[in-house]
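Observations on the three-dimensional arrangement
Each chain, written out:
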Amino acid sequence: MKKINLAISGCLGRMGQQLIKSSKNNKNFKLAVLTENKAINKKISGIKLDVNTEQAFKKIDVIIDFTVPNCTLDILKIASKLKKRVVIGTTGFTQKEENIIKKISKKIPILKAGNMSLGINLLMYLTEIASKSLNDEYLSKVFEVHHKHKKDYPSGTALMLGKGIADGKNKNLYNLIGKKFLNKNSFPYGKKINFNSIRKGEIIGEHEVTFSSGKEIIKLNHEAFDRALYSDGALTAAKWLVNRKPGLYSMRDLLNFK
């Protein structure tokens, strides 16, 4: 089987470094291109770091992107021109940016996920089922913990879980987002979905969705112990995306959750 030529953008970040490590142990891929959004005179695994340009991505099959929103959009414009596939693990997009991604996906296959973990995507699916099954007496909130270096909050995964709640009610997530708390010991339920984010230590990721009627509480949670969980998921997504037509996909499509 011919190996998939892989580009990793954001290669110096935590996930970028983990992806480099995981891709070396994956027989389906040939690590071909490593990029950052500015020129850096450095080599990793014998590959000279490049910037995000048409020239850099010309000979690759798929790009895995863990960067920041404006960088991701630049990469997508290049990928769209070159007809390359893109796996997006970047989080923190505005609704306007989400709409741009949707538009570009009409030209190229894009798989976008706030979290590449099988367990988290199962948790989102279960969250949607719970939200659909429970009546309006049940209020919901989302709690998440990440390492102290993570800048955005709520995390992309927390927002994914919020979307699971919203989808279960046939509502738009952006109309249901309530208050966003940072480093609170406790936080309230609301008529909208409230989020609380804790940033401490080197924690990889903890997420919890809670539903309460005032008479009972239902909790769904997930804890990650190894960052390879996410890089392995991203590589699985990249391999799957190679045979897809243009469109905007999620891990749910890959996992075939109905």
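Overview of the structure. (Residues numbered from 1 in each chain as written. Predicted model: local features only at pLDDT ≥ 70, side-chain atom pairs only at ≥ 80, totals over all residues. Heavy atoms only, no water.)

**Regarding the overall build of the protein**
- Within the protein, the secondary structure is distributed over nine helices and 14 strands.
- Expected size for 258 residues packed as a compact globule is a radius of gyration near 18 Å; at 19 Å, the protein falls within 12% of this value.
- Looking at the protein as a whole, 52% of its 258 residues are labelled buried.
- A fraction of 67% describes how many contacts in the protein between residues 6 or more apart in sequence connect residues 24 or more apart.
- Between the mean site of the 47 positive side-chain charges and the mean site of the 22 negative ones, the protein shows a separation of 6 Å. (Helix = DSSP H or I, 4+ residues; strand = E, 2+ residues; numbered from the N terminus. Rg over C-alpha atoms; globule rule 2.2 N^0.38 Å. Buried < 20%, exposed > 50% of the residue type's maximum accessible area, 1.4 Å probe, protein only. Contact = heavy atoms within 4.5 Å. Lys, Arg positive; Asp, Glu negative; His and termini not counted. Charge placed at Lys NZ, Arg CZ, Asp CG, Glu CD.)

**A word on the sheet that holds strand S5 (residues 50-51)**
- Spatially, S5-S2-S1-S6-S7-S8-S14 is the arrangement adopted by the seven strands of the open sheet, whose pairing is parallel. The sheet terminates laterally at S5 and strand S14 (247-249), the two strands that pair on one side only.
- Bridging between strand S2 (residues 29-36) and S5 involves two bridges; their strand directions are parallel. When the bridges of S5 are listed, glutamate 36 appears paired with valine 51. (Pairing = 2+ DSSP bridges.)

**Here's the deal with the packing of helix H1 (residues 14-24) against helix H8 (residues 228-241)**
- For the pair H1 and H8, the least separation of the axes is 9 Å and the interaxial angle reads 65°. As far as their axial angle goes, H8 and H1 are roughly perpendicular. Relative to H8, the crossing made by H1 is right-handed. The residues of H8 that touch H1, namely those facing Met15, Gln18, Leu19, Ser22 and Ser23, are Ala228, Tyr230, Ser231, Asp232, Ala234 and Leu235.
- For the contact of H1 with H8, the class distribution of residues is six nonpolar, four polar and one charged. (Axes fitted to C-alpha atoms, helices over the stretch in contact; angles between N-to-C directions. Parallel < 35°, antiparallel > 145°, perpendicular 65-115°, else oblique. Left-handed = near helix turned anticlockwise from the far one by under 90°. Nonpolar A, V, L, I, M, F, W, Y, C, P; charged D, E, K, R; others polar.)

**Details of the pairing of strand S12 (residues 205-212)**
- For S12, the buried fraction is high: seven of the eight residues fall into the buried class.
- Hairpin connection from S12 to strand S13 (residues 217-224): four residues lie between these consecutive antiparallel strands, with glycine 214 at a positive phi of about 95°.

**Remarks on the packing of aromatic side chains**
- In the structure shown here, the tally under the stated rule is two aromatic pairs.
- Pairing phenylalanine 181 with phenylalanine 187 gives two aromatic rings, centres 6.1 Å apart and planes at 55°, and the pair type is tilted. For the pair formed by phenylalanine 181 and phenylalanine 187, the shared burial category is buried.
- Arranged with centres 5.2 Å apart and planes meeting at 85°, the rings of tryptophan 240 and tyrosine 249 form a pair that is edge-to-face. In this pair, the class of tryptophan 240 matches that of tyrosine 249, namely buried.
- Taking NZ or CZ as reference, lysine 141 lies 4.5 Å from the ring centre of phenylalanine 187, over its face.
- Lying across the ring of tyrosine 189, lysine 141 places its NZ or CZ 4.4 Å from the centre. (Phe/Tyr/Trp six-rings, centres within 6.5 Å; stacked < 30°, edge-to-face > 60°. Lys NZ or Arg CZ within 6 Å of the ring centre and 35° of its normal.)

**Brief notes about a nonpolar patch on the surface**
- Taken together, Leu122, Leu126 and Ile129 make up a surface patch of nonpolar side chains, about 230 Å² in accessible area.
- Tracing the sequence through the fold places isoleucine 129 in helix H5 (residues 118-133). (Patch = residues over 30% accessible without salt bridge, like charges linked within 9 Å, V, L, I, M, F, W, Y side chains within 5 Å. Areas by Shrake-Rupley, 256 points an atom, 1.4 Å probe, with all protein chains shown as cover. Salt bridge = Lys/Arg side-chain N within 4 Å of Asp/Glu carboxyl O.)

**Remarks on unusual backbone geometry**
- In this model, tyrosine 153 is joined to proline 154 through a cis peptide bond whose omega is -5°.
- Secondary-structure assignment places proline 154 in the loop between strand S9 (139-146) and helix H6 (156-168).

**Some words on the environment of lysine 191**
- Secondary-structure assignment places lysine 191 in the loop between strand S10 (177-182) and strand S11 (193-199).
- In this structure lysine 191 comes out as exposed when scored by relative accessible area, which is 85%.
- The spatial distance from the C-alpha of lysine 191 to the C-alpha of leucine 139 is 6.5 Å, given a sequence separation of 52 residues.

**With respect to the nonpolar core**
- Counting residues in each nonpolar core, the largest one holds 32 residues, and the members touching the most others are Leu6, Ile8, Leu19, Leu34, Ile64, Val87 and Leu111.
- Among the secondary structure elements, those contributing two or more residues to this core are strand S1 (4-9), H1, S2, strand S6 (62-65), H8 and helix H9 (251-255).
- Of the residues forming this core, the biggest block, seven residues, is contributed by H8.
- Sequence-distant contacts of isoleucine 8, that is, excluding residues within four places in its chain, are made with Gly16, Leu19, Ile20, Ser23, Leu31, Val33, Leu34, Thr35 and Ile64. (Core = buried A, V, L, I, M, F, W, Y, C linked by side-chain atoms within 4.5 Å.)

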